[in-house]
Amino acid sequence: MAFFKKRERAEPEQDNKEKNENDCDDLLISTYLGRKNITREMAEEIPAIQGNLDLIVKTAANVPIRLYKRNGKRVEEIENDHRVSLLNEDTGDTLDAKEMKQALFRDYFLGKGGYCYVNREGLKIRSLHYVDQRNVGTAKDPDVIFKRYVILVQGKSYFPEDFITLLRNTTDGVKGHSIIETNKTLISIMYNNMKYEETLVKTGGNKKGFIKSPRSLTQKALDSIKAAFKKLYQNNTENVVVLNNGLEFQESSNTSVEMQLNENKQTNSNVQETHAMSVSVSHGGLSA
């Protein structure tokens, strides 16, 4: 009996050991491949995304918002209304209406959603205040049918009706999904291509590689070779590396032509531009 009890106690330890080894393997693989999450700041560095986003945001922000009312069977525009002025001109905040809408649309595409606080005094709306989505939190009711939530800003809770919210691809009415979340692989490829080009410019297009030697080298020789190659990869200097005593340079990476970076960049940019144009048209119609 003692043997079986000892064996039962040892099995969980073995499972934990195997789990830890698998975790270490995953960590090593992810580190080797250079995998990392794409942030909003990284996505904004990509020219295709930044250019298309500027087109959408500025176009949508310039579309005036109008209010209408139903008078019998007729629909009439409401003119000289304070709410129209808040939405199109002066918000009562440090941002004017266009700047506020541009900030909301950027958070809509690149964050969890656009949030604008509605400052009320009784039944009258006094001002509109844009709130950065990074400063906004939510607390949801666990009920998946009758969904309820509150908005949290700097430790203070607000009801949903206190905010104007713009949410992209939301499934709960609380939080949206940015283009970074829904296009992780594509944006990661575009960003890494851009960083690879930066490396090529810094190194003057020189390939990476390693040195093969038929015999062991002294530490002095190794340091000398490392220093020579370091100078070679500096694009602002003119240097030459002399390999003697049977040393041979072996390339470890392909050139940008071999990797077809130009074709890939054009394809990825076309995908982003097509998506941006379709979104711009749909949002222009909604905003109008």
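Everything that follows concerns the structure shown earlier in this document.
K.L.:
Got a sec to walk through the overall build of the protein? Specific residues and values, please.
P.N.:
For the protein, the helix and strand inventory stands at 9 helices and 10 strands. Within the span of the protein, comprising 288 residues, buried residues form 26% of the whole. Long-range pairs, those at least 24 residues apart, make up 63% of the contacts in the protein between residues at least 6 apart in sequence.

K.L.:
How would you sum up the sheet that holds strand E7 (residues 156-158)? Please name residues and give values.
P.N.:
Strand pairing in a sheet takes place through backbone hydrogen bonds and is either antiparallel or parallel in direction. Taking strand neighbours across the sheet as the criterion, the 3 strands line up as E5-E6-E7 in an open arrangement whose pairing is antiparallel. Each of the sheet's edge strands pairs with one partner strand only, and the pair in question is strand E5 (136-140) and E7. Ignoring strand direction, the axes of neighbouring strands in this sheet form an average angle of 35 degrees.

K.L.:
Account for the nonpolar core, naming residues and giving values.
P.N.:
Across soluble globular proteins, nonpolar side chains show a tendency to be buried alongside one another. Core analysis: the largest hydrophobic core is formed by 21 residues, its most contacted members being Ile 38, Ile 46, Ile 49, Phe 109, Ile 179, Ile 180 and Ile 187. Mapped onto this core, the elements with two or more residues apiece are helix H2 (40-45), helix H3 (47-62), helix H5 (97-110), helix H6 (179-182) and helix H7 (184-203). At 7 residues, H3 tops the list of elements feeding residues into this core. In this structure, Val 136, Tyr 149, Phe 163 and Val 174 belong to the second largest nonpolar core, which totals 10 residues.

K.L.:
Residues and numbers for the packing of H3 against H5, please.
P.N.:
Following both chains from N to C, one finds H3 and H5 inclined at 135 degrees, their axes separated by 9 Å at the closest point. Here H5 runs oblique to H3, going by the angle between their axes. Regarding H3 and H5, the two cross each other, and that crossing is right-handed. Packed against H3, whose contacting residues are Gln 50, Leu 53, Asp 54, Ile 56, Val 57, Lys 58, Ala 60, Ala 61 and Asn 62, the element H5 presents Lys 98, Lys 101, Gln 102, Phe 105, Arg 106, Phe 109 and Leu 110 at the interface. Looking at the contact of H3 with H5, its residues break down into 8 nonpolar, 3 polar and 5 charged.

K.L.:
Please provide a residue-by-residue account of H3, values included.
P.N.:
The end-to-end C-alpha separation of H3 is 22 Å, in line with the 22 Å expected for 16 residues at 1.5 Å each. Within H3, the full set of buried residues consists of Ala 48, Ile 49, Asn 52, Leu 53, Ile 56, Val 57, Ala 60 and Ala 61. Taken down its axis, H3 places every buried residue within 160 degrees of arc, on the same side.

Conventions and cut-offs
- Residues numbered from 1 in each chain as written.
- Predicted model: local features only at pLDDT ≥ 70, side-chain atom pairs only at ≥ 80, totals over all residues.
- Heavy atoms only, no water.
- Helix = DSSP H or I, 4+ residues; strand = E, 2+ residues; numbered from the N terminus.
- Buried < 20%, exposed > 50% of the residue type's maximum accessible area, 1.4 Å probe, protein only.
- Contact = heavy atoms within 4.5 Å.
- Pairing = 2+ DSSP bridges.
- Axes fitted to C-alpha atoms, helices over the stretch in contact; angles between N-to-C directions.
- Core = buried A, V, L, I, M, F, W, Y, C linked by side-chain atoms within 4.5 Å.
- Parallel < 35°, antiparallel > 145°, perpendicular 65-115°, else oblique.
- Left-handed = near helix turned anticlockwise from the far one by under 90°.
- Nonpolar A, V, L, I, M, F, W, Y, C, P; charged D, E, K, R; others polar.
- Expected span 1.5 Å × (residues − 1).
- Arc of directions from axis to C-beta.

Without other data, these values stay purely geometric and don't point to any function.
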